[in-house]
Amino acid sequence: MLSSILIWLLLAWSALGLMYFLYRACARVPRHDPKNLVHYLHPVDWDLLESLLDPAADFELRWRLSPREFREEQRCRMRLFRELLRRMSHNSAVLAEFDNALFGKDDFTPGPGSKVEEAAIKVRLYCTAARIKLRVWLSLPDTLRAVPMPDLARLRMAADLDGPKVYEELKAAAVEAFADLQPAELDALTRNL
Amino acid sequence: MGALLWYIPAPLLLLLVGVLVRRGAYRTFPFFFTYVAFGAAADVTRFLTQGHHSLYFWIYWLTDAGYALLGALAMYELLRKVLRGFSHIWWTHLIFPAVVTVGVGLSIWRMHVVPPQLQGPLRLWIVTGEIAVRIVQVFIFAGLVTFIGFFGFRWRQYPLGIAAGFGVYSTVALLTTIKFSDFGTRFRFLWDATSVVAYSFAVLIWIGFFFVPEKEEPPPNPETLAFALGTLNQYLDRLRRMR
């Protein structure tokens, strides 16, 4: 009985997936002007990102603050990092969409995956894995003192990906893909990523 | 005339083989090309031997087993193409073995819970193997669509077109194979007709995707690229000095 239920669930999942796939494959590619790209991006404070992932910062806070103060401070830093992850994920989705628009101007032209697309997927994979970890850490009750507060530096790697490194690869791929922008627009692109 | 209806996919497969050869897809997707070529050859062989009952029996079931094996290899190739950018992540290499394990396990479990109404161990194990492969194909297709939808992928790509064809056919085929193993030969005509229609639809999807030549990613202008990379390097240098 259970085996039949599982197989039927799989069939239902596949049927829904097929309908969604056909809808996306036949949908028109949104027409985006690369000049508008910068306005869709959310700036990611790179210094803040590096400082949050710095193991020395975690060590200094543990040394300087009491255990209770450290837990509170660490929670604040986790929420801040979660916001940065949200921006990184958003930017990767925007870049992938604009890259797709740049590439798929024809109504139905199959094309291979691009560098921006691959880099964007890695960034989203990293952000998703890191956000899941953060969700688990933040859901730990504050009163559970037996569980030590984790170091934020551990989030540099998630899903076997180095977060800052894959984001830098995305920036480089984006610069290469949108190299035809005006110098001022290109400068704005690198600053906003 | 009625018997000819079962062979509708054969000319479509021959057309698809021609399209794949024209696009050079036998280099990019060798397993899928082999699957399609095998399918065309199998259909022709079945057509030629349908008058000889015992020979047709062996040809039918052996080509069925061949379809299942090549279908699984085609899905493996597809998964490798889609995940090529993640080959350095160790757990991506475990996805296909895990899906195959689930497929085989689920199929054998079902065989014990609902014993198929089939005569002979050969047919029993071939149908069980087919169910396992269909589960693998459905799983991979549904998983790919979820992955693509969530992470963002260009939808119009050859690997995804292949996945869509397998998704259509394997979903319907899994349903008909399960019902065939449950009810035996009582609803043979209905299951066969549904299977033929689904397979023809899948082949049409593949023809549709491969008919349009794949657009090459345009190379960037070297001058503008050098300027852009220079801007990026200057920006990164400024950041490093600020730390």
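Residues numbered from 1 in each chain as written. Chains lettered and ligands numbered in written order. Predicted model: local features only at pLDDT ≥ 70, side-chain atom pairs only at ≥ 80, totals over all residues. Heavy atoms only, no water.

## Re the overall build of chain B
Counting its secondary structure elements, chain B contains 10 helices and 0 strands. Counting from the amino terminus, helix and strand elements in chain B follow one another as α-α-α-α-α-α-α-α-α-α. Sequence separation of at least 24 residues holds for 76% of the intrachain contacts in chain B that already meet a minimum separation of 6. Carbon and sulfur atoms form 70% of the exposed surface of chain B, whose accessible area is close to 11900 Å². (Helix = DSSP H or I, 4+ residues; strand = E, 2+ residues; numbered from the N terminus. Contact = heavy atoms within 4.5 Å. Areas by Shrake-Rupley, 256 points an atom, 1.4 Å probe, with all protein chains shown as cover.)

## Things to note about the packing of aromatic side chains
Residues and elements named next belong to chain B. Going through the model one piece at a time under the given rule, you end up with 23 aromatic pairs over all chains. An aromatic cluster is present here, built from Phe29, Phe32, Tyr35, Phe38, Tyr67, Tyr158, Phe166, Tyr169, Tyr199, Trp206 and Phe210 joined pairwise through their rings. In this structure, Lys81 packs its charged tip against the face of Phe29, placed 5.6 Å from the ring centre. (Phe/Tyr/Trp six-rings, centres within 6.5 Å; stacked < 30°, edge-to-face > 60°. Lys NZ or Arg CZ within 6 Å of the ring centre and 35° of its normal.)

## Observations concerning the nonpolar core
Residues Phe81, Leu95, Tyr126 and Leu189 of chain A together with Phe32 of chain B are the most contacted members of the largest nonpolar core, which totals 106 residues. Per element, the largest residue contribution to this core is 13 residues, and it comes from helix H6 (residues 115-139) of chain A. Here this core gathers at least three residues from each of two domains, domain 1 (1-30) and domain 2 (38-192) of chain A. Sequence-distant contacts of Leu189 of chain A, defined by excluding residues within four places in its chain, comprise Leu37, Val38, Leu41, Leu95, Ala174, Phe178 and Leu181 of chain A. (Core = buried A, V, L, I, M, F, W, Y, C linked by side-chain atoms within 4.5 Å. Buried < 20%, exposed > 50% of the residue type's maximum accessible area, 1.4 Å probe, protein only. Domains from an automatic or database assignment.)

## Points about the confidence of the model for chain A
Mean pLDDT over chain A stands at 83; residues scoring 70 or higher make up 90%. Averaged pLDDT values for the elements of chain A fall to 72 in helix H8 (residues 183-192) of chain A and rise to 91 in helix H3 (residues 46-52) of chain A. (pLDDT = per-residue confidence, 0-100.)

## Some thoughts on a positive patch on the surface
Residue and element names in this part refer to chain A. A cluster of like positive charges, contributed by Arg79, Arg82, Arg131 and Arg135, occupies part of the molecular surface. If you list the elements that add at least two residues to the positive patch, you get helix H5 (67-103) and H6. With respect to the secondary-structure elements, Arg82 resides in helix H5. A residue is classified by how much of its surface remains accessible, and Arg82, at 36% relative accessible area, is partly exposed. (Patch = residues over 30% accessible without salt bridge, like charges linked within 9 Å, V, L, I, M, F, W, Y side chains within 5 Å. Salt bridge = Lys/Arg side-chain N within 4 Å of Asp/Glu carboxyl O. Lys, Arg positive; Asp, Glu negative; His and termini not counted. Charge placed at Lys NZ, Arg CZ, Asp CG, Glu CD.)

## Let's talk about the pattern of salt bridges
Residue and element names in this part refer to chain A. Taken as a whole and judged by the stated rule, the model has 9 salt bridges over all chains. Notably, a salt bridge pairs Arg156 with Glu50, separated by 2.9 Å at the nearest N-O pair. Of this pair, Arg156 sits in the loop between H6 and strand E1 (157-158) while Glu50 is found in helix H3, placing the two residues 106 residues apart along the sequence. Looking at Arg156, the relative accessible area reads 25%, which means it is partly exposed. Judged by its relative accessible area of 19%, Glu50 falls in the buried class. The partner of Glu72 in a salt bridge is Arg68, and the shortest N-O contact between them spans 3.7 Å. Linking Glu72 with Arg68, this pair stays in helix H5, spanning 4 residues, or about one helical turn. A residue is classified by how much of its surface remains accessible, and Arg68, at 57% relative accessible area, is exposed.

## Quick word on the packing of helix H1 (residues 2-26) of chain A against helix H6 (residues 95-113) of chain B
Relative orientation and spacing of two packed helices are given, respectively, by the angle between their axes and the distance between those axes. At a minimum axis separation of 9 Å, H1 of chain A and H6 of chain B run at an interaxial angle of 135 degrees. Judged on the interaxial angle alone, H6 of chain B and H1 of chain A are oblique. Crossing hand, H1 of chain A versus H6 of chain B: left-handed. For the pair H1 of chain A and H6 of chain B, the contacting residues are Leu2, Ser3, Ser4, Leu6 and Ile7 of chain A in the first and Leu106, Trp109, Arg110 and Val113 of chain B in the second. Tallied by class, the residues present in the contact of H1 of chain A with H6 of chain B amount to 6 nonpolar, 2 polar and 1 charged. (Axes fitted to C-alpha atoms, helices over the stretch in contact; angles between N-to-C directions. Parallel < 35°, antiparallel > 145°, perpendicular 65-115°, else oblique. Left-handed = near helix turned anticlockwise from the far one by under 90°. Nonpolar A, V, L, I, M, F, W, Y, C, P; charged D, E, K, R; others polar.)

## Section: unusual backbone geometry
All names here are of chain A. Positive phi, close to 55 degrees, is recorded for Ala159, a residue that is not glycine. Note that Ala159 resides in the loop between E1 and strand E2 (161-162). A positive phi angle, near 65 degrees, is found at Asp160, a position not held by glycine. Mapping Asp160 onto the fold places it in the loop between E1 and E2. A residue is classified by how much of its surface remains accessible, and Asp160, at 35% relative accessible area, is partly exposed.

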